Amino acid sequence: MMKRLKSLVLASVMVLGIGSAVSAGAAPVSVAKATATQKITYKGKVYTVPAKTDNIVIVGALEAFEDALVLNFKPKGAPTVGGEFPAMFSKITSGVKPIGEKMEPNLETILKLKPAVILSSTKFPAETNEKLAKIATTIPVSHISTDWMNNLKLLAALTGKQTESTQAILKYQSELKAAKAKLAPKFKDKKVVAVRIRVGNLFIYPQDVFFNRSLYADLGAAVPGEVLKAKAQQNISLEAFAAMNPDYLFVQFSADENTDNPKALEELQKNPIWKNLKAVKSGNVYVNIVDPLAQGGTAYSKFSFLEALMKTKLYTGK
């Protein structure tokens, strides 16, 4: 009996000893999870990244910054506009490190943040993305609006927010169905155009850039010939724009993008040529119905644009 008791005590001591060794020397489960990886395929390229991380720095890609808004995700670092984070991102920028202007990232600042993943921009030249890739895994995020869903899913996969991503997409699809049923008939045989005023000039965009995807592919407006011909952001003179003579016009204007001519919109609205546009005369010009710095082709931009559009007289009839 005593022998058996001694054996049990010895076994208990051994178990306790093993338990202590595990606690002291072996990696806990949470660390093992943190070091796990996943493979993500984006735009035809495979990236090996952490299974889930919030250690992400956004560089240049305001598209990814907008996706962070949708998913309520706070990156470690992000780009500024005019030296500050735009007000539209205020919900997620507390404590976030500024890493330089949109197209002028500070590599030293980014390096100090030790990111696990860098979300850069397809607008960057190859050499910029190559420099960033030496710091951490770098994924250039597309600025083309046809990629909006893949962009959102990319950030969701990195951060473990797939449920939030799916819910947001389904909500948009439901709202879009109702909006298209009402707006597509109004847009039929009409010319619908979205423009941005930058450095005091008018710019139009290709059919899959800016808010054009929402207007044409989503809401059923016909694509004007001038938009079809545009290969990138294109400066258009007021005279050439008057020749387009849109029936419905959406204008985005930010003082941050017109620092040399902060009254560019006001001056445009006083111009007799502008006043003679069909959209102006019929009261169908919509200025900044969403934040003027919204990129247009992102999930956040599309969601915001649709919600704002459904509050206008174009939709409500009031």
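What counts and how
Residues numbered from 1 in each chain as written. Predicted model: local features only at pLDDT ≥ 70, side-chain atom pairs only at ≥ 80, totals over all residues. Heavy atoms only, no water. Helix = DSSP H or I, 4+ residues; strand = E, 2+ residues; numbered from the N terminus. Buried < 20%, exposed > 50% of the residue type's maximum accessible area, 1.4 Å probe, protein only. Contact = heavy atoms within 4.5 Å. Areas by Shrake-Rupley, 256 points an atom, 1.4 Å probe, with all protein chains shown as cover. Pairing = 2+ DSSP bridges. Right-handed = clockwise from strand over helix to strand, strands pointing away. Axes fitted to C-alpha atoms, helices over the stretch in contact; angles between N-to-C directions. Parallel < 35°, antiparallel > 145°, perpendicular 65-115°, else oblique. Core = buried A, V, L, I, M, F, W, Y, C linked by side-chain atoms within 4.5 Å. pLDDT = per-residue confidence, 0-100. Expected span 1.5 Å × (residues − 1). Salt bridge = Lys/Arg side-chain N within 4 Å of Asp/Glu carboxyl O. Polar contact = N/O pair within 3.5 Å; in protein donor to acceptor, adjacent residues only side chain to side chain.

**A short note on the overall build of the protein chain**
Counting its regular elements, the protein chain contains 15 helices and 13 strands. Scored against the burial criterion, the 318 residues of the protein chain give a buried share of 45%. Intrachain contacts of the protein chain at a sequence separation of at least 6 include 61% that bridge at least 24 residues. A total accessible area of about 16300 Å² is found for the protein chain, and carbon and sulfur atoms account for 55% of it.

**Side note on unusual backbone geometry**
Positive phi, normally seen in glycine, also occurs at Lys114, with a value near 50°. With respect to the element layout, Lys114 can be found in the loop between α4 (107–113) and β7 (117–121). Despite not being glycine, Phe210 shows a phi value in the positive range, around 65°. Among the secondary structure elements, Phe210 is positioned in the loop between β10 (201–204) and α8 (212–218). A residue is classified by how much of its surface remains accessible, and Phe210, at 2% relative accessible area, is buried.

**So, the pairing of strand β8 (residues 137–141)**
Pairing geometry for β7 and β8, over 5 bridges, is parallel. Paired with Val117 across the strands is Thr137, a residue of β8. For the segment spanning β7, helix α5 (residues 126–133) and β8, crossover handedness is right-handed.

**Considerations on the sheet that holds strand β9 (residues 192–198)**
Strands sit in the order β11-β10-β9-β12-β13 across an open sheet of 5 strands; the sheet is mixed. Two strands bound the open sheet, and with one partner strand each, they are β11 (234–236) and β13 (285–287). Going from strand to strand, the sheet's axes swing by 35° on average, the running direction of each strand aside. Both β9 and β10 contribute to a ladder of 3 bridges, which runs antiparallel. Note that in β10 the partner of Ile197 across the bridge is Leu202.

**Topic: the packing of helix α6 (residues 148–159) against helix α7 (residues 162–187)**
In contact at an axis separation of 8 Å, α6 and α7 are set at 155° when each is read in the N-to-C sense. Considered as vectors, α6 and α7 are oriented roughly antiparallel to each other. In this structure, α6 uses Trp148, Met149, Leu152, Lys153, Ala156 and Ala157 to contact α7, whose residues at the interface are Gln162, Ser165, Ile169, Tyr172 and Gln173.

**Some words on the nonpolar core**
With 65 residues, the main nonpolar core has Leu119 and Phe250 as its most contacted residues. Contacts of Leu119, omitting those with residues within four sequence positions, involve Ile56, Val57, Ile58, Val59, Ala61, Ala64, Ile139, Val141, Leu154, Leu155 and Leu158. Membership of the second largest hydrophobic core comes to 18 residues, among which are Val193, Ile197, Ile204 and Ile236.

**Some remarks on the confidence of the model for the protein chain**
Predicted coordinates in areas of low pLDDT are best not read in detail. For the protein chain, mean pLDDT is 89; residues scoring 70 or higher make up 89% of the total. When mean pLDDT is compared element by element in the protein chain, strand β3 (residues 56–58) scores highest at 98, while helix α1 (residues 2–25) scores lowest at 36. Across residues 1–34, confidence stays below pLDDT 50; counting only partners more than four residues off in sequence or on other chains, it has 1 contact.

**Points about helix α3 (residues 62–71)**
Taken across its 10 residues, α3 has 9 buried, putting it largely inside the fold. All of the buried residues in α3 are Leu62, Glu63, Ala64, Phe65, Glu66, Asp67, Ala68, Leu69 and Leu71.

**Examining α6**
Given 3.6 residues per helical turn, the α-helix brings residues three or four places apart onto the same face. Taking 1.5 Å per residue, 12 residues should reach 16 Å; α6 reaches 17 Å between its end C-alpha atoms and fits that length. Counting buried positions along α6 yields 9 of 12 residues, so the element is predominantly enclosed. Those residues of α6 lying buried are Trp148, Asn151, Leu152, Leu154, Leu155, Ala156, Ala157, Leu158 and Thr159. Gly160 sits one or two residues past α6 and shows a positive phi near 75°.

**What about the pattern of salt bridges?**
Think of it this way: side chains of opposite charge can pair up when their charged atoms draw near. The tally for this structure, following the rule as stated, stands at 11 salt bridges. In this structure, Glu108 engages Lys112 in a salt bridge whose closest nitrogen and oxygen atoms are separated by 3.7 Å. Within this pair, Glu108 and its partner Lys112 are both found in helix α4, separated by 4 residues, close to a single helical turn. Residue Glu108 is classed as exposed on the basis of its relative accessible area, which comes to 53%.

**Side note on the environment of Thr259**
Summarising the element assignment, Thr259 is placed in the loop between β12 (248–253) and α11 (264–270). Taking the relative accessible area as the measure of exposure, Thr259 reaches 61% and is therefore exposed. Separated by 59 residues in sequence, Thr259 and Gly200 place their C-alpha atoms 8.7 Å apart.

**Structural notes on the side chain of Gln252**
In this structure, Gln252 sits in strand β12. In this structure Gln252 comes out as buried when scored by relative accessible area, which is 5%. A polar contact is formed between the side chain of Gln252 and the backbone oxygen of Asp291, at a distance of 3.1 Å. Apart from residues no more than four positions distant in its own chain, Gln252 is found in contact with Val195, Arg196, Ile197, Phe210, Phe211, Asn288, Ile289, Val290, Asp291 and Pro292.

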